[in-house]
Structures are given as structure tokens and as C-alpha cells.
Amino acid sequence: MALLKSSKAISSIGTFSASLGVLSTRNSSWWGGVQMGPPDPILGVSEAFKRDTSPKKMNLGVGAYRDDHGKPFVLDCVRKAEALISSKQLDKEYLAIGGLGDFTKSCAQLALGADSEVLKSGRNITVQTISGTGSLCIGANFLSRFHSASRDVYLPKPSWGNHTPIFRDAGMQLKAYRYYDPSTCGFDFNGALDDISKMPEKSVIMLHACAHNPTGVDPKPEQWKEIADLVKKRDLLVFFDMAYQGFASGDIDRDAWAVRHFIEQGHKIVLSQSFAKNMGLYGERVGGFTVVCNDAEEAKRVESQLKILIRPMYSNPPMNGARIAATILNTPDLYKIWLEEVHGMANRIIKMREQLAANLKNEGSTHNWQHVIDQIGMFCFTGLKPEQVERLTKEFSVYMTKDGRISMAGVTSSNVGYLAHGIHAVTK
Amino acid sequence: MSLFGEVPQATPVAVFKLSNDFKEDANPKKVNLGVGAYRTDEGQPWVLPVVKKVEKIIVADNSLNHEYLAILGLPEFRSSASKIALGEDSPAIQENRVGAVQCLGGTGALKMGAEFLRRWYNGNDNTKTPVYVSAPTWENHNAVFANAGFEDIRPYKYWDAEKRGLDLDGFLGDLESAPKHSIFVLHACAHNPTGTDPTHVEWMQVAEVMKRRKLFVFFDSAYQGFASGCLDKDAWAVRYFVTQGFEMFCAQSFSKNFGLYNERVGNLTIVARDSDNLKRVLSQMEKIVRVTWSNPPSQGARLVAITLNTPELFAEWKDNVKSMADRVLLMRASLQAKLQALETPGTWDHITQQIGMFSFTGLNPKQVEYMIKERSIYLMASGRINMCGLTTKNIDYVAESIHETVVNVQ
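Residues numbered from 1 in each chain as written. Chains lettered and ligands numbered in written order. Predicted model: local features only at pLDDT ≥ 70, side-chain atom pairs only at ≥ 80, totals over all residues. Heavy atoms only, no water.

- Going by what an unreviewed UniProt entry lists, chain B is known as Aspartate aminotransferase and is assigned to Salvelinus namaycush.
- Recorded under Sequence similarities (unreviewed entry), the UniProt text for chain B is reproduced unchanged: "Belongs to the class-I pyridoxal-phosphate-dependent aminotransferase family." (UniProt positions renumbered as here; feature names shortened; annotations may be inferred.)

- With an unreviewed UniProt entry as reference, chain A is termed Aspartate aminotransferase, source organism Salvelinus namaycush.
- UniProt annotates chain A under Sequence similarities (unreviewed entry) with the comment "Belongs to the class-I pyridoxal-phosphate-dependent aminotransferase family."
- According to UniProt, the comment filed for chain A under the heading Subcellular location (unreviewed entry) is "Mitochondrion matrix".

Set out below in C-alpha cells:
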């Protein structure tokens, strides 16, 4: 960016106010050179949706789960945890910089598995973060500061829209590897392997642990194995983003399989976790960042540096959500209920996928919509082009991101027909 | 071979290490005068009665959920928080040129402000703009601005160790000699760590120089209400600067005055020239928020918003705040009286003249070490004590310890 001194032409003279001094008028501002920022491509969709007055409007933008009535869903295990916490009358003292111990321990356990050798040897450091975004922010900045071997971060093509600005802002260079195959609406396995084989050693590769966002396309276990091997050969640093553990298949352990496999294969990964979706704790900002190290001593050094990063950002993380999550994870009865509820949410989404595909067929669409059923997790990469998306929004008040991604969580049995009708209308 | 083999062990943050050492000390007479959190006369953390009340309201309200807040936070929180800082009837608010970003505590508000300034102030991405912080200041100020990319962070004269008060001439001198457009971090009230605030007349002098030399005003307001016990009195400086026509930032924390430390409730209040400039500023703030935490945590903001917007709860909160401030004032008076009675060498008026949670005792590092090692009284190497750590039960021991230290250690 050119280093221009911000200058705002003193246009129409307003009132000269004695208290403002001779040299300034009402129009001169420090911020004359500040441009209007564009709306966020994902969160901006919700804001546009809110402004729409159509009774049939649908918000398929942000990945927030809705029940079959289209309402936000507060998990029963969450309400029970809140009641438990409320009865304890705890104080509000600052958490440690790295967060609530009960939470970080169980957060790591959830991802790595209770019997993980990493946990037993204490060679991981897990800190509580401001949900997934906060975790990625800390991770990106940690790598920027300490991973001097490479500035390159390879994202799958496409990836979550916010990945790019997060890493860029941290001073990393963004690159991409083939991932989504638009001709099959599936995984471009050979393309991915080809690109990975050419990545310079020590580059950072971002992998979505499960329920890839935005495509919903995940590698199969055999494919993950090959990727793990190749990544090891290329000596790449693996950054896993796991925002949907439990949401993809409905099974916590199945969804964490790739992460655990890579660790078993000896990869020293870094991992971001979010509890926004799988516990419905969106606004409480619950997440974790883990670094798998060589040994416990290294983990201590890494921990000390993570704290140095966190302190000037926000000092220490918020208690409420972490306390709820920790209570659920550490109370067997609540944990059981949680697993059932996650399973239930995942199942509803799978059902909606099936209904959407069936309805599209009934509408008379001649396109192949198999990918709607094959894709996994909250999102469906419909294959719609930007112009078609625009029509869907303008003519049918269906809100989604420009890349054709829809959040299946926003689909219900009462609006799936309308959605199919709209999609058919813009694609026939 | 590890990717992180070269990562050095970082030195721990001093104030947290102090608390750790205190925890491990077995001496039954130990006293923690370190971390800045309020304590009751029983030495216990205090959840404000109004907070307990509102928490119950929130838990019982089934219409509330855990959905994402907007990027800039809860609107009712942002506007009511800004009103607290600027005053209900602030002309700037009425002129629609005040906006806010809900942030994670005061730290988060400072960070957002710093990140914005680095990108958009004094040119684009101008990392060379000098940032001035008081000498001394809260130890995290430096890191916040450095991590935002500012390369030139300097001290401005503030504390006069000899006279144990404000070095006004030094302060004004640094304002006069600072390069134009430099950013100055000002403590709105209850200066941390010295507890020494400028008088109204002194603030007016500061404002005059800053206006004339086009310096940027960035207030850090972490103790509003806590200093004098009165919200409006504690906001005098911030409001005065607004009347002087400054465009400015004010980082607010609700950690202390609401006792909501771990819920991370903060607000960056932005006063702009007009609503158009404000709009553009907020749109760019959104982008910075999005790559840092996407949107802020809802629990604490909800709690504060409900309290500030419900008259009976607001009144109860003000009472709660006053009671905390009053206990601190009582401990100040008590400590000073005891030191005088003991005829401890030196003058101790600064203890009652200083304001807020902290007192800069004037003890030197050797004396501090003695206090910690020999008396198990934990305070910062700077000589800063947290008045909240004093209680009617330990104040005699502390006074005697200070006396013994001053007499025996030079």
C-alpha cells in the first residue's frame, strides 16, 4: 500500500467552532483516508438476510445449526451444564493465559483420544482459544514467529474464506493445492497428491480434519493414509483445522480419525478445534489450539511462547463457554447426552440432504445431484455459479455464499421443497 | 529433529509469576499485594451481588441462546458502555459520531485500537508512528502496540520518584517534543501502577498541547468507578477531551468495576469527527476483528448490558462499585495512619493521595525483595501494591513489615 498521508480536502466549510481550533473544520478527520470495508463474505450474508422482508426467506449462509423448525438449538447437555455451574457459585477470577485447565485437558483428549500416547507423555500443549478463529489466529502467528523454515501455507482449493486473511495478516504467504473437483463435485485426489508432491519441504499444509468447509468433500481413510505418507516424505508441517468433530459422521472418534492417524504416523501437527458447532456454543467462543511436540520439555517451551503471543491480544480467555464445555466433557451423564445430541444433529442434516436430492429429482431436474448426498457435514457445495447464486438470492430470497455453498443446517422439512424449486429454477 | 527445537523458553509474565510464588509460600502470614483484582475484607474474590442477580435472570431466560453475536458485538452493550464513558447526554453521542467495538477485556480493546491505528492512522500501514506510553505504565501496553506492528514505542515522563507525584513539566515537555501525530496512551483515571492522576487543571494543559501538536488521544479506562467511587468523576478527563473536539479512542474494561474479570468484557469507544467517518472506521474494525476472534463472547456483554439498561440494576451496580472503592479508601487511610504512628522514615502521604487499586509505595527493588523473602509479602518489583490485598486483619502486619524493611534495607 502506498504510504499516503491521509488528506481530506476541506470541502464545504461547516461551522468553525472556536474549541476546534483555527486549522480544523468539522470535515477534517484523521480518518478521511479510510475506505469503506466490504461486508464479510460469510457473515455479511446473515446481515443481508436480516434485512430481507420476504416470508419465504432462507438463511443458508453461516454454518450455524438450526432445528427442523429453523430455530437455533440449545443443547440439553448445555442447559444441564449451565444449571450445574450456576449452583456452584464460582468466582470470576482471571483464568490463566492458557485458559481453564479442565477444559484444555478434555479438549485435547476429545481430539486425540483418551489413550493417546501424546497425552500420556505430556508432549502436547493445548491452550484455550477464542473459538476456531482465535485458534487459527494464534496458530498462524505462532508459525509466523517460530517457523522460520518457511512462510508458505498451502490451503486446499477452496477453503474456508477466513483462512486466507488470517494467515496473510500473520505475515504468511498463501498458496493452494488442488482439492475440489468441480467435474465430479468430489475430491481431486490425484490433483492433491500431485500438488503435495511439489510442495517445498517444511511448508505448512492446512488440512480440514473432517466435513471440509465449504465443499463437504472429505478424503476416504485410504486416501488419508496416502496423503499422510506423502506429506511425511515432503517433510511438511501439518496444520489441522477441526471445526466439526462429531458433525460429519455423527461419531466423535470417526471424525477425528485423520488427526489421530497422522499423529500415529509421527507427524508433529498443530491443531485448531472449535466447539461452536458441535456443542452449539457459537457465541461463547470456545476453542483450543494444540501443538504436538517432541517431548514434554519442548511442550513447556512452546507453551511459554504461546502465552507471550496471547497476553497482548486479550490477556486470557473467557470463562463461560469453556466451563460449560469442560463440565460436559468431564461429567459422564452429560457426555453421554452430548454424544446423542451431536449424533442427532448430524442425522438431521443427512436426512435433509436426502430430501433435497429427492425434491430436486421431483422438480424434474436433469442434473446429477448425487454430491448433495455424498458430501458430508454442515455444508453442501451445490455447484451453482455466482450468477445462479445471485438469482437464487434475488428471486427466491435464499441467502448463501457466492461460491455456491449452502448450510444444510438451515434446511428444514418445511422449506426443503421451496429450496429445491429455487435451485431447479436457476439451473434448468 | 523438531520444528520447534529452536523455540526458546520465554520469561514468565511477572505479575502471574508473583501470584504463583505466593501460592507456593507456606508462611501462614503471607499477603498477596500483587495482581490487580479486588478482594473483600476477608481476602476473598467478590462476585458483585448485582452480577449474581443478573446471572440468575440469564439462566432462567429460555428465550436466550448461544448464537453468534455480530462481529462488532452486542449492540445494547456497545452503546450503553460508551454512554458510561462519555456520559448519558454526551453531545458527541447525540451527534451520531460515537461508535464502539465490543472486545475481549481492556486488553482486547487496546489491541483492536492499536491494530486499526497501525493500518489506517498517519498514512497506511505506517508502523513508524511513535507510540508513547507513560513511564511507568501497565506492563502489557508495550507488547500490545509492538505486536500490532508499531516499531517505535517510547516512554513519556510521568512519575516523579523523588517527589512521589506527577512529573507535569516532564510530561508536558514530552508532549511538546513528540513528533506530530504521535499516539499517546493516557490513563483515564487511577493510573496503573502509580495511582497518580493529573488534576483537572493539569489535564487541561495536556489537552491543549495535544490539540496544538496534533497528537492522537488513546485513553485506557480500566477503573472507571473504582477510583473515586463515582462513575462521572472518574470519567472527567475522557469527557473533557471530547468537549475539546478530539477524535479519539477509549479502551474500556469492565473487569474490575463489574468484577467480571474472566468473562473478558471490554469496549473500544470511538469518537469520530462525524458519522460518515465513523461508519468507515467501524467497517474496517470489522475486518480486523474477523481475523482475530470473528465475534466476541456473549455472556459478559449480556450481563453488563442488562445491568446498565435496567434502572434498578444500574443503581445497584453503582452501589456495589462504590462499596469496593470505599473499602480501598479505608485501607489507604488505615495504612497511612499506621505508618505515621510507627514513625516510619519518609513521607507516606502519597498513600492517601494516590487513587484507585494501586499504590506506588516508593520501596526500591532491594526492599521489595526483602518484603517477599523475609516477610512473605508479595508485591511487584516496582514497589506497586494492590490496596485490595490489604484487610483489617493483615494491615498491621503489612505496616510493621514496611516499617522494618525501610529501617533495615536501603
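### A look at the pairing of strand β9 (residues 248–253) of chain B
Residues and elements named next belong to chain B.
Here is step 1: Counting buried positions along β9 gives six out of six residues, so the element sits mostly inside the fold.
Here is step 2: Burial along β9 is two-sided: the face carrying M248, C250 and Q252 and the face carrying F249, A251 and S253 are both buried.
Here is step 3: Two elements, strand β8 (residues 216–221) and β9, share five bridges in a ladder whose sense is parallel. Each residue of the ladder has a partner; that of V217, found in β9, is M248. (Buried < 20%, exposed > 50% of the residue type's maximum accessible area, 1.4 Å probe, protein only. Helix = DSSP H or I, 4+ residues; strand = E, 2+ residues; numbered from the N terminus. Pairing = 2+ DSSP bridges.)

### Structural notes on the sheet that holds strand β3 (residues 152–157) of chain A
Residues and elements named next belong to chain A.
Here is step 1: The strand order β2-β10-β9-β8-β7-β3-β4 describes an open sheet built from seven strands, whose pairing is mixed. Of all the strands in the sheet, the pair left with one neighbour each is β2 (124–130) and β4 (173–178). Across the sheet, the mean angle from the axis of one strand to that of its neighbour is 25°, orientation sign disregarded.
Here is step 2: Strand direction decides the pairing type here: strand β7 (residues 204–208) and strand β8 (residues 237–242), joined by five bridges, are parallel. Looking across to β8, one finds that L207 is bridged to F240. (Axes fitted to C-alpha atoms, helices over the stretch in contact; angles between N-to-C directions.)

### A look at the packing of aromatic side chains
Residue and element names in this part refer to chain A.
Here is step 1: The final tally for this structure, using the stated rule, is 51 aromatic pairs over all chains.
Here is step 2: Both rings, one in F239 and one in F289, keep their centres 6.1 Å apart while their planes meet at 50°; by these two values the pair is tilted. Separated by 50 residues along the polypeptide, F239 in strand β8 and F289 in strand β10 (residues 286–292) bring together distant segments of the chain. Neither F239 nor F289 differs from the other in exposure class; each is buried.
Here is step 3: The ring of F49 carries the charged tip of K57 above its face, separated from the ring centre by 4.4 Å.
Here is step 4: For the cation-ring pair, R405 lies above F379, with the distance from its terminal atom to the ring centre recorded as 3.7 Å. (Phe/Tyr/Trp six-rings, centres within 6.5 Å; stacked < 30°, edge-to-face > 60°. Lys NZ or Arg CZ within 6 Å of the ring centre and 35° of its normal.)

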